[in-house]
Amino acid sequence: MQANGAGQGQESPELSCLNSAQNGESSSAGGTHSNGLLSSTDNGNSVGTSNGASAGPGSGTSTASTASGSEVGSLKKKKRLSQAEEDVIRLIGQHLHGLGLNQTVDLLMQESGCRLEHSSATKFRNHVMEGEWDKAENDLNELRALMHSPNAIVRMKFLLLQQKYLEYLEDGKVLEALQVLRGELTPLKYNTDRIHVLSGYLMCSHAEDLKAKAEWEGKGTASRCRLLDKLQTYLPPSVMLPPRRLQTLLRQAVELQRDRCLYHNTKLDSSLDSVSLLLDHVCSRKQFPCYTQQILTEHCNEVWFCKFSNDGTKLATGSKDTTVIIWQVDPESHQLKLLRTLEGHAYGVSYLAWSPDDTYLIACGPDDCSELWLWNVPTGELRTKMSQSHEDSLTSVAWNPDGKRFVTGGQRGQFYQCDLDGNLLDSWEGVRVQCLWCLGDGRAVLASDTHQRIRGYNFEDLTDRNIVQEDHPIMSFTVSKNGRLALLNVATQGVHLWDLQDRVLVRKYQGVTQGFYTIHSCFGGHNEDFIASGSEDHKVYIWHRRGELPIAELTGHTRTVNCVSWNPAIPGLMASASDDGTVRVWGPAPFLDSQEADALNENCSNMDS
């Protein structure tokens, strides 16, 4: 019968299962079944071993009755395995082979009637691992007919000869290596740049020098296994399975489950040893930062802004009460403790920015504030109080990645680049700034303005370009760590996610109430997979970055939530600042009995979809 498209009576070049007796043929006692297993006899009756099919009764041979012209007692045909079943058997066989259970693999292949790989591939593998390069090269001629891309033979031959060349060099056989380079590699007329690199290795004085320059493990099992992994990529999986294919599929399945898990907020571990393959991956909402851990009440008026330091050890909060409070985060309990209060901001504090090394903190005021304060956090001393003009409005600030400069501006028509002493380095006129951000290259500054857009400004060549255009005012925005995504709070629209590189709107997040108040949202969690924002309906909303509907709504504040900050070092810690004068610190559920946990769950509305 045909298998994998091969004609009847011909051996398939692909690795298919060999089916049991057919077309009326039967196995005799002590003979070999078509699956490769020998039958045995029990009390004179032939006992088959093919997937439960047994031979009919008889004295060591199959018998057939000719009464009324019908056959009786014939062997039942073995069930033919589906392609998926064949693939699973081969995957298991490859994995067991990798564990060194070769006898088990042989038994599995015999009983199933499958072959792990094509006989030509097995021979090729053995010759590569034994370093018999001429034989391995001859094997390629047999494999050519089994390959979808005959041109791949040249690439495979190149890899073989490269290994042969390097091993000759390591053994000190320079003349033999030179012959391989000139007489075998060069005539291939493939990857001449690599051949030039290989020729340079002739100058290596000793084996260790060769290994270092070639970034090669040296002659032996390790380098040959790596070579075989590369060679396998050119062979169809029906001929030779890709390396560690079962582990790859399991890892992909685990990663897919994690990606689909709404509350997965721990560091991704690609090792299969870190998970159980016997259970689906599920993260509980109780592990997610949607329970009030602490309420900070030291401010005596509306709290307009909050921001964790870059190392996650401190939280800065700014208020209408003219103060900035620095809080210390306990590394064990994650409780916050007041570290120091910075006073004297006459207009209140509506924006804060930590320097890249967390040494300095800049505080800005509301629209009518023309001053900016630069504080030394460890000492609590004011390093700079800057004001370019009493007509200015310095409401936003962003640090250059070098930590030596910053940009600041407001809605009265200009923004500046300054040093740590407040000295003006550059300025840009005619831009009514709502929010600022410095990109990682240190050259470009993003600024949202009163024209409902975000533009990029380059202070080096004095060029600017449009990046984002909205239909409504952009009240604030923040940028992901990799600089690719921007999160916008748009008046009357809510929270929008933009791709800055492709300049496209990626997603509009639903649920939040956003009018014309300035609300600051944030990225958060491991790999910044989550988004959180305050809202004018007194709630904190959390979304998974890939979903438009919120996965949690956090209640507890009694007035507008102005700002949310996610701890960059502790993914289970988040803070929110509100007009109710409090800062709430959110974390996972504490260890409670079931009744208390159910009561707390009412404060965290699950919006799974």
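The shown structure was predicted, so the numbers you read here are calculated from the model rather than taken from an experiment. All residue numbers here refer to positions counted from 1 along the written sequence of the relevant chain. Reporting of local features is limited, given that this is a predicted model, to residues whose pLDDT is at least 70; pairs of side-chain atoms are given and counted only at 80 or more, and all residues count toward the totals for whole chains, interfaces and linings. Excluded from the side-chain calculation are hydrogens and water; included are all heavy atoms of the structure.

Structural notes on the overall build of the protein
Now for step 1: Where helices and strands are cited, they refer to DSSP runs of H or I of at least four residues and of E of at least two residues respectively, numbered from the N terminus. Along its length, the protein carries 11 helices and 31 strands.
Now for step 2: For the protein, buried positions account for 47% of its 609 residues.
Now for step 3: Throughout, a contact is declared for two residues whenever any of their heavy atoms are within 4.5 Å. In the protein, the proportion of contacts linking residues at least 24 apart, taken out of those at least 6 apart, comes to 48%.
Now for step 4: Roughly 29800 Å² of accessible area belongs to the protein as shown, and the carbon and sulfur atoms make up 48% of that amount. Exposure classes here rest on a 1.4 Å probe applied to the protein chains alone. A residue is buried below 20% of its type maximum, exposed above 50%, and partly exposed in between. To be clear on the numbers: accessible area is Shrake-Rupley with a 1.4 Å probe, and residue cover counts the displayed protein chains and nothing else.

Here's the deal with the packing of aromatic side chains
Working definition: an aromatic ring pair is given by the centre-to-centre distance plus the angle between the planes.
Now for step 1: Only the six-membered ring of Trp is used, alongside the rings of Phe and Tyr, when aromatic pairs are assigned; centres must lie within 6.5 Å, and planes under 30 degrees apart are stacked while those over 60 apart are edge-to-face, with the rest tilted. Tallying each qualifying case throughout the model produces 14 aromatic pairs.
Now for step 2: Judged by centre distance (5.6 Å) and plane angle (85°), the rings of Trp428 and Phe459 are edge-to-face. Of this pair, Trp428 sits in strand β15 (residues 424–429) while Phe459 sits in the loop between β18 (453–458) and β19 (463–469); the two residues are 31 residues apart in sequence, bridging distant segments of the chain. For the pair shown, Trp428 and Phe459 are each scored as buried.
Now for step 3: Pairing Phe530 with Trp566 gives two aromatic rings, centres 5.9 Å apart and planes at 15°, and the pair type is stacked. Of this pair, Phe530 sits in strand β25 (residues 530–533) while Trp566 is found in strand β28 (residues 561–566), placing the two residues 36 residues apart along the sequence.
Now for step 4: In this structure Phe530 comes out as buried when scored by relative accessible area, which is 0%.
Now for step 5: Ring pairing ties together the aromatic residues Phe415, Trp428, Tyr457 and Phe459, which thus form one cluster.

Regarding the UniProt feature "repeat: WD" (unreviewed entry) in the protein
Now for step 1: UniProt positions are given in the numbering used here, feature names are shortened, and annotations may be inferred rather than shown by experiment. Taking the numbering used here, the UniProt-annotated feature "repeat: WD" (unreviewed entry) corresponds to residues 296–330, 342–373 and 554–586.
Now for step 2: Taken end to end, residues 296–330 is 0% helix and 54% strand, and its two terminal C-alpha atoms sit 15 Å from one another.
Now for step 3: Its end C-alpha atoms 10 Å apart, residues 342–373 is made of 0% helix and 38% strand.

Brief notes about the layout of surface pockets
Over the atoms rolls a probe the size of a water molecule, and its path tells where empty space is left.
Now for step 1: Using protein atoms alone on a 1 Å grid, points that fit a 1.4 Å probe yet trap it form a cavity, whereas open point sets bounded by protein on both sides within 12 Å along at least five of seven lines form a pocket; residues with an atom within 4 Å of a point count as lining. Grid points are joined across faces, edges and corners, and a volume is the space filled by probe spheres set on the points. In this structure, the largest pocket occupies an estimated 1100 Å³ of space.
Now for step 2: Along the wall of the largest pocket there are 47 residues; nearest its centre are Lys307, Asn310, Trp437, Thr478 and Val479.
Now for step 3: Within the lining of the largest pocket, the residues separate by chemical class into 27 nonpolar, 17 polar and 3 charged. For this classification, the nonpolar set comprises Ala, Val, Leu, Ile, Met, Phe, Trp, Tyr, Cys and Pro, the charged set comprises Asp, Glu, Lys and Arg, and every other residue, Gly included, is treated as polar.

A short note on the sheet that holds strand β6 (residues 324–329)
Now for step 1: Note on pairing: DSSP must find at least two bridges between two strands before they are called paired. Strands sit in the order β4-β5-β6-β7 across an open sheet of 4 strands; the sheet is antiparallel. Strands at the two margins of the open sheet, each flanked by one partner only, are β4 (303–308) and β7 (336–342). Between one strand and the next, the sheet's axes are offset by a mean angle of 20°, whatever the strand orientation.
Now for step 2: Here β4 runs beside strand β5 (residues 314–319); their pairing, made up of 5 bridges, is antiparallel. Residue Lys307 lies in a different strand from β5, and its bridge partner there is Ala316. All axes are obtained by fitting lines to C-alpha atoms, using only the stretch in contact for helices, and the reported angles, taken between N-to-C directions, cover 0 to 180 degrees.

Some words on the confidence of the model for the protein
Now for step 1: pLDDT runs from 0 to 100 and stands for how confident the predictor is about each residue. Per-chain confidence: the protein averages 83 in pLDDT, with 83% of residues scoring 70 or above.
Now for step 2: Every residue in residues 592–609 is under pLDDT 50, and counting partners more than four places away or in other chains gives 29 contacts.

Remarks on the pairing of strand β22 (residues 494–499)
Now for step 1: Extensive coverage of β22 is indicated by the burial of 6 of its 6 residues.
Now for step 2: Pairing geometry for strand β21 (residues 485–490) and β22, over 6 bridges, is antiparallel. Within the sheet, the bridge partner assigned to Leu487 lies in β22 and is Leu497.
Now for step 3: What sits between β21 and β22 in their antiparallel hairpin is a turn of 3 residues, with Thr492 showing a positive phi close to 65°.
Now for step 4: Here β22 runs beside strand β23 (residues 504–509); their pairing, made up of 5 bridges, is antiparallel. The residue bridging Val495 from the neighbouring strand is Tyr509, located in β23.
Now for step 5: The antiparallel pairing of β22 with β23 creates a hairpin that spans 4 residues between the two strands, and Arg503 there sits at a positive phi of about 60°.

Describing helix α5 (residues 152–170)
Now for step 1: Here the expected length of a helix is defined as 1.5 Å per residue gap, with one fewer gap than residues. An ideal rise of 1.5 Å per residue puts 27 Å on 19 residues; α5 measures up with 27 Å between its terminal C-alpha atoms.
Now for step 2: A positive backbone phi angle near 80° is found at Gly172, which sits one or two residues after α5.

As for unusual backbone geometry
Now for step 1: Of note in this structure, Asp358 is not a glycine but carries a positive phi near 65°.
Now for step 2: Unusually for a residue other than glycine, Glu528 sits at a positive phi of about 50°.
Now for step 3: Mapping Glu528 onto the fold places it in the loop between β24 (522–524) and β25.
Now for step 4: A relative accessible area of 13% places Glu528 in the buried class.

Let's talk about the packing of helix α3 (residues 119–129) against helix α9 (residues 221–232)
Now for step 1: Where α3 contacts α9, the axes come no closer than 9 Å and their chain directions differ by 145°. Judged by the twist between their axes, the crossing of α3 over α9 is right-handed. Residues Phe124, Arg125, Val128 and Met129 of α3 form the contact with α9, whose own contacting residues are Thr221, Arg224, Cys225, Leu227, Leu228, Leu231 and Gln232.
Now for step 2: Residue composition of the contact of α3 with α9, by class: 7 nonpolar, 2 polar and 2 charged. In a left-handed crossing the near helix is turned counterclockwise from the far helix by less than a right angle, and in a right-handed crossing that turn is clockwise.

Remarks on helix α4 (residues 133–144)
Residues three or four positions apart in an α-helix share a direction because the helix packs 3.6 residues into each turn.
Now for step 1: The end-to-end C-alpha distance of α4 is 17 Å, a good match for the 16 Å that 12 residues give at a rise of 1.5 Å each.
Now for step 2: If you check which residues of α4 are buried, you get Trp133, Ala136, Glu137, Asp139, Leu140 and Leu143. The buried residues of α4 all sit within an arc of 155° when viewed along its axis, so they share a single face. This arc describes the spread of directions from the helix axis toward the C-beta atoms.

Some words on the side chain of Thr395
Now for step 1: Structurally, Thr395 is set in the loop between β11 (381–386) and β12 (396–399).
Now for step 2: Dropping the residues within four chain positions of it, Thr395 is found in contact with Ser350, Tyr351, Cys364, Gly365, Pro366, Asp367, Gly409, Gly410 and Val433.

Some remarks on the nonpolar core
Now for step 1: Within this scheme, the nonpolar core is defined by two criteria: the residues are buried Ala, Val, Leu, Ile, Met, Phe, Trp, Tyr or Cys, and they are joined through side-chain atoms within 4.5 Å. Residues Leu315 and Phe406 are the most contacted members of the largest nonpolar core, which totals 45 residues.
Now for step 2: For Leu315, the contacting residues outside a window of four places in its chain are Leu296, Cys306, Lys307, Phe308, Ile325, Ile326, Trp327, Leu336, Trp354, Ala575 and Val583.
Now for step 3: Listed in part, the 20 residues of the second largest apolar core include Ala152, Leu228, Leu235 and Met240.

Here's the deal with the pattern of salt bridges
Now for step 1: Throughout this description, the term salt bridge denotes a Lys or Arg side-chain nitrogen within 4 Å of a carboxyl oxygen of Asp or Glu. Taken as a whole and judged by the stated rule, the model has 23 salt bridges.
Now for step 2: Here Glu184 ties to Lys164 by a salt bridge, and the two come within 3.3 Å at their closest N and O atoms. Here Glu184 is found in helix α6 (residues 174–185), whereas its partner Lys164 is found in helix α5, with 20 residues between them in sequence.
Now for step 3: Glu217 is paired through a salt bridge with Arg226; the nearest N and O atoms lie 2.4 Å apart.
Now for step 4: Overlapping salt bridges bring together Asp134, Lys164 and Glu184 as one network.

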